[in-house]
Amino acid sequence: GNMVEWCLPQDIDLEGVEFKSMASGSHKIQSDFIYFRKGLCFGLACFANMPVESELERGARMKSVGILSPSYTLLYRYMHFLENQVRHQLEMPGHYSHLEAFYDDKKGVLPDSKGTSSSQQPVHWLPSIHKYMYPEMKITHPAGCMSQFIKFFGEQILVLWKFALLRKRILIFSPPPVGVVCYRVYCCCCLANVSLPGLGGTVPESKPFFYVNVADIEMLETEVSYVACTTEKIFEQKRDLYDVYVDNQNVKTHHEHLQPLLKINNADKEKYQRLNDQRQMLMYSQEVGEDCSSCEEDLFILFFMEQNNRIFQTLMEVSASQDKTLTADHARGMGLDPQGDRSFLMDLLEVYGIDVMLVIDNPCCT
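About the thresholds
- Residues numbered from 1 in each chain as written.
- Predicted model: local features only at pLDDT ≥ 70, side-chain atom pairs only at ≥ 80, totals over all residues.
- Heavy atoms only, no water.
- UniProt positions renumbered as here; feature names shortened; annotations may be inferred.
- Helix = DSSP H or I, 4+ residues; strand = E, 2+ residues; numbered from the N terminus.
- Buried < 20%, exposed > 50% of the residue type's maximum accessible area, 1.4 Å probe, protein only.
- Contact = heavy atoms within 4.5 Å.
- Areas by Shrake-Rupley, 256 points an atom, 1.4 Å probe, with all protein chains shown as cover.
- pLDDT = per-residue confidence, 0-100.
- Disulfide = S-S within 2.5 Å.
- Salt bridge = Lys/Arg side-chain N within 4 Å of Asp/Glu carboxyl O.
- Arc of directions from axis to C-beta.
- Expected span 1.5 Å × (residues − 1).
- Axes fitted to C-alpha atoms, helices over the stretch in contact; angles between N-to-C directions.
- Parallel < 35°, antiparallel > 145°, perpendicular 65-115°, else oblique.
- Lys, Arg positive; Asp, Glu negative; His and termini not counted.
- Core = buried A, V, L, I, M, F, W, Y, C linked by side-chain atoms within 4.5 Å.
- Domains from an automatic or database assignment.

- The chain is annotated in an unreviewed UniProt entry as DENN domain-containing protein 11 of Rhipidura dahli.
- The UniProt entry for the chain carries the following text under Sequence similarities (unreviewed entry): "Belongs to the DENND11 family."

**Let's talk about the overall build of the chain**
- Regarding its fold elements, the chain presents 11 helices and 12 strands.
- In the chain, buried positions account for 52% of the 366 residues.
- Considering only contacts within the chain whose residues lie at least 6 apart along the sequence, 63% involve residues at least 24 apart.
- Accessible area for the chain stands at about 18500 Å²; split by element, carbon and sulfur atoms hold 51% of it.

**Here's the deal with unusual backbone geometry**
- Here the amide bond leading from L8 into P9 is cis, since omega sits at -10 degrees, within 30 degrees of zero.
- With respect to the element layout, P9 can be found in the segment before α1 (17-20).
- Residue P177 is reached from P176 by a cis peptide bond, and omega for that bond is 5 degrees.
- Of note, P177 is situated in the loop between β6 (169-173) and α6 (179-190).

**Notes on the confidence of the model for the chain**
- Overall, the predicted model of the chain reaches an average pLDDT of 85, with 84% of residues at or above 70.
- Under a pLDDT of 50 for its full length, residues 113-143 has, in the predicted model, 84 contacts with residues more than four places off or in other chains.

**Here we look at the state of the cysteines**
- Summed over the entire model, instances satisfying the criterion amount to zero disulfides.
- Here C182 is not cross-linked by a disulfide; its sulfur's nearest cysteine counterpart is in C229, at 4.0 Å.
- The buried category is assigned to C182, whose relative accessible area is 0%.

**Structural notes on the pattern of salt bridges**
- Under the counting rule described, the total for this entry stands at 14 salt bridges.
- For the salt bridge of D247 with K233, the shortest nitrogen-to-oxygen distance reads 2.6 Å. Within this pair, whereas D247 is found in strand β9 (residues 244-247), its partner K233 is found in the loop between β8 (226-230) and β9, the two being separated by 14 residues in sequence.
- E236 is the salt-bridge partner of K252, the closest N and O atoms lying 2.7 Å from each other. Pair noted here: K252 is in strand β10 (residues 250-253) and E236 is in the loop between β8 and β9, with a separation of 16 residues, a long-range link.
- According to the relative accessible area criterion, E236 is partly exposed, its value standing at 23%.
- Via salt bridges that share partners, K162, D268, K271 and D341 belong to a single interconnected network.

**Concerning the environment of F33**
- Tracing the backbone shows F33 in strand β1 (residues 31-38).
- Residues F33 and V65 lie 32 residues apart in sequence; the distance between their C-alpha atoms is 9.6 Å.

**Concerning helix α3 (residues 97-106)**
- Of the positions making up α3, those classed as buried are L99, F102 and Y103. For α3, the arc enclosing every buried residue in end-on projection is 100 degrees, short of the 170-degree limit, so these residues lie on one face.

**Notes on helix α8 (residues 266-287)**
- Helix length check: α8, at 22 residues, gives a terminal C-alpha distance of 31 Å against a target of 32 Å (1.5 Å per residue), a fit within 8%.
- For α8, every residue scored as buried is listed here: A267, D268, K271, Y272, L275, N276, R279, L282 and S285.
- Looking at the buried positions of α8, the neighbouring elements they touch are α4 (145-153), α5 (156-165) and α9 (296-320).

**Things to note about the packing of helix α2 (residues 79-91) against α3**
- One can describe the packing of α2 onto α3 by two numbers: an axis separation of 10 Å at closest approach and a directional angle of 150 degrees. With respect to α3, the axis of α2 lies roughly antiparallel. Two secondary-structure elements touch here, α2 through F81, Q85, H88 and Q89 and α3 through H98, L99 and F102.

**Details of the side chain of R184**
- If you trace the backbone, R184 turns up in helix α6.
- Of the side chains with opposite charge, D247 comes closest to the buried, unpaired R184, at an N-O distance of 8.7 Å.

**Let's talk about the nonpolar core**
- Counting residues in each nonpolar core, the largest one holds 98 residues, and the members touching the most others are Y35, I157, F312 and L315.
- Counting contributing residues, this core receives three or more from each of domain 1 (17-98) and domain 2 (139-316).
- The contacts of F312, once residues within four sequence positions are left out, are L165, V194, L196, L199, L348, Y352 and I354.
- Residues V212, Y226, A228 and Y242 belong to the second largest nonpolar core, which totals 12 residues.

Okay, structure coming up:
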């Protein structure tokens, strides 16, 4: 099995991290990167696999080198360092001087549960971001993770958007490599960003858990909302752990009341067309050399944030009105389909505890 061969600080609890930092099935690939969650910290590890002429190592030497931080938003900055270090560890096992220097340069002090600093467990610290700001994260190739996410899921991102906004437990399955799938987890969380102050203090936050495996089952049993990915097919059978299961581009749910949300309606198609139109305009402005400070990542995040803000702004205004009645015109004004999004709207009102009466009639069958 996997084992932790070296770490700093030496007294930190790393139980299970040897399985989080090396995805199940990685022996079939040459290299990968992986984001994961360990307690209150997030990790990034780079994996590499090198053939060796050694019976003891069964012809292959596999290692991951990773770091832990209270925030995942800037971990990608150290991707290149970790890739170099895992290669170094494969070729010269047991030489940790570069890692020690990195730790001494970057280590910080984690606040303990009382909010005061504890010098017992210094860990690589990164400043946390304002809760309404979106995380900065770039993928390792020019396409950008948002662009790839849109191309991969197409109109299905509108289905994922609804589940993310409803704070459902979303599990994404894919065989290795898992790095690009970790970015899909991040993109899913970005779909649910809302920047209206004072909205739903009791609503569970959308947690990116990134890579999970069977060792995380006990932890996932207690979660009411998360987005995660796995390379272990056994999770599909454990229906009590998730609400939504994504296998490749196939999004499915075993909950009967959520089935209507899987259907793409006209309003979804219009939103997807509008998103693509904005992307085309952005690409054109970049081609003609205009000063284009925004990039596709920003466009994607702002598109969904504005959409979400418009929905919740309308819902809060209606709930503050005298008759508290939400009509078909309101639904259309929010960019939703009065009939196709009826069950989505009802779930939304329940999840966020918004006191509104829905009077959108279902069309009669003749």
